Amino acid sequence: MLSDLSAGPRFKTRPRSFFGAGVVMIWSVPKRWVGETAFVIAGGPSVDFEDVTKLRGRRVIVVNSSYEIAPDFAAYCFFGDLRWWELHSERPAFKAFKGRFVSCSRSAHGEGLLKLNRIAPNINEKAGGIGPGLSLDPRSVVCQRTSLQGAMNLAFHLGAAKIVLVGADMGRAADGRSHHHTPHPWENKPGNRTWDIQMTQLRLIAEPLERFGVKVVNTSPVSRIDWWPKARLADFY
């Protein structure tokens, strides 16, 4: 199975989104992976115990700094945080990444960056109801506290029939580590509080994905996510 690393961006002249004072061209995600399995590699420490290089040639999206372990076979790297972009965009490993960077950050700009609109999920019933968990508009993703949700929405837009999560631990490792990749310079909240907030929003994508027939499998053996079935990543090699 061939990847689409060489596929260029598909920009639309319309619609346009007004981010601040400027006009930014918004990517409309094409249906490139219809009926296929998408592997989404998140940042959890459990990735250290997987051989993700065996996913070479498969449909792979990496989240944030996970581009470090899939520099030449991930098709897309999704991020939602401007400070992450500013921290990484000049790093040699970042510049060597063979895939495309995709973001819903209003302020991130760069040559070749594919931009999507951000929809923030609401988790407060008193503030207008719960949701949404998933955007059906190929120019938008639902993403706020966790870029994993945005990456899964991207996989949905690409047409994936199954999403296999790798490293979706949603908690610290036994040794206290928070991620498998180069540590972020900013600190997480004590314990698992950072991921508790993320899980509240991530849960919202489960029902709409199921409704549209997209299966999700979680391969992290230590994941705190309890609403998707577990499997071994090796089962998909």
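Note: the structure precedes this text.
The following refers to the structure shown. Position numbers for residues count from 1 along each chain, tracking the sequence in the order it is written. Totals for whole chains, interfaces and linings use all residues, but because this is a predicted model, local features are given only for residues with pLDDT of at least 70 and pairs of side-chain atoms are given and counted only at 80 or more. With hydrogens and water excluded, all non-hydrogen atoms of the structure serve as input to the side-chain values.

Overall, parallel pairing links the seven strands, which are arranged β7-β6-β5-β4-β3-β10-β11 in an open sheet. Each of the sheet's edge strands pairs with one partner strand only, and the pair in question is β7 (114–115) and β11 (215–218). Here the rule is simple: two strands pair whenever DSSP picks up at least two bridges between them. Secondary structure elements are taken from DSSP: a helix is a run of H or I of four residues or more, a strand is a run of E of two residues or more, and numbering for both begins at the N terminus. Where strand β10 (residues 162–166) lies against β11, four bridges are found, and the strand directions are parallel. Each bridged residue has a counterpart across the sheet, and for Val164 the counterpart in β11 is Val217. Only heavy atoms enter the contact rule, under which two residues are in contact if any of them lie within 4.5 Å. Axis definition: a line fit to C-alpha positions, over the contact stretch in the case of helices; interaxial angles, taken between N-to-C directions, run 0 to 180 degrees. Each of β3 (37–41), β4 (59–63), β5 (76–79), β6 (100–103), β10 and β11 is contacted by helix α3 (residues 147–158), which is oriented at about 155 degrees to β4, the strand it contacts most.

Let's shift gears to α3. To estimate how far a helix should extend, the number of its residues minus one is multiplied by 1.5 Å. In this model α3 runs 17 Å from its N-terminal to its C-terminal C-alpha over 12 residues, within 8% of the 16 Å that 1.5 Å per residue would give. Buried residues are those whose accessible area, probed at 1.4 Å on protein chains only, stays under 20% of the maximum for their type, while exposed residues exceed 50% and partly exposed ones sit between those limits. Burial of α3 is extensive: 12 of the 12 residues sit out of reach of the surface. Taken together, the buried positions of α3 are occupied by Ser147, Leu148, Gln149, Gly150, Ala151, Met152, Asn153, Leu154, Ala155, Phe156, His157 and Leu158. A 3.5 Å cut-off defines polar contacts: any pair of N or O atoms within that distance qualifies, except that in protein one atom must be a possible hydrogen donor and the other a possible acceptor, and neighbouring residues in sequence count only when both atoms are side-chain atoms. The N-terminus of α3 is capped by Thr146, whose side-chain oxygen sits 3.2 Å from the backbone nitrogen of Leu148. Phi turns positive one or two residues past the end of α3, at Gly159, with a value near 100 degrees.

This next bit is on the packing of aromatic side chains. Any two of the Phe, Tyr and Trp rings considered here, Trp counted by its six-membered ring, make a pair once their centres fall within 6.5 Å; the pair's planes then place it as stacked at under 30 degrees, edge-to-face at over 60, or tilted in between. On inspection of all chains with the given rule, the structure shows 16 aromatic pairs. For the pair Phe94 and Phe101, a centre-to-centre distance of 4.0 Å together with 15 degrees between the ring planes defines the contact as stacked. In this pair, the class of Phe94 matches that of Phe101, namely buried. One aromatic cluster in this structure is built from Tyr67, Phe79, Trp84, Trp85, Phe94, Phe97 and Phe101. As a reminder, the over-ring test applies to NZ of lysine and CZ of arginine, requiring each to be within 6 Å of the ring centre and within 35 degrees of the ring normal. Over the ring of Phe156 we find Lys31, and its NZ or CZ is 5.4 Å from the ring centre.

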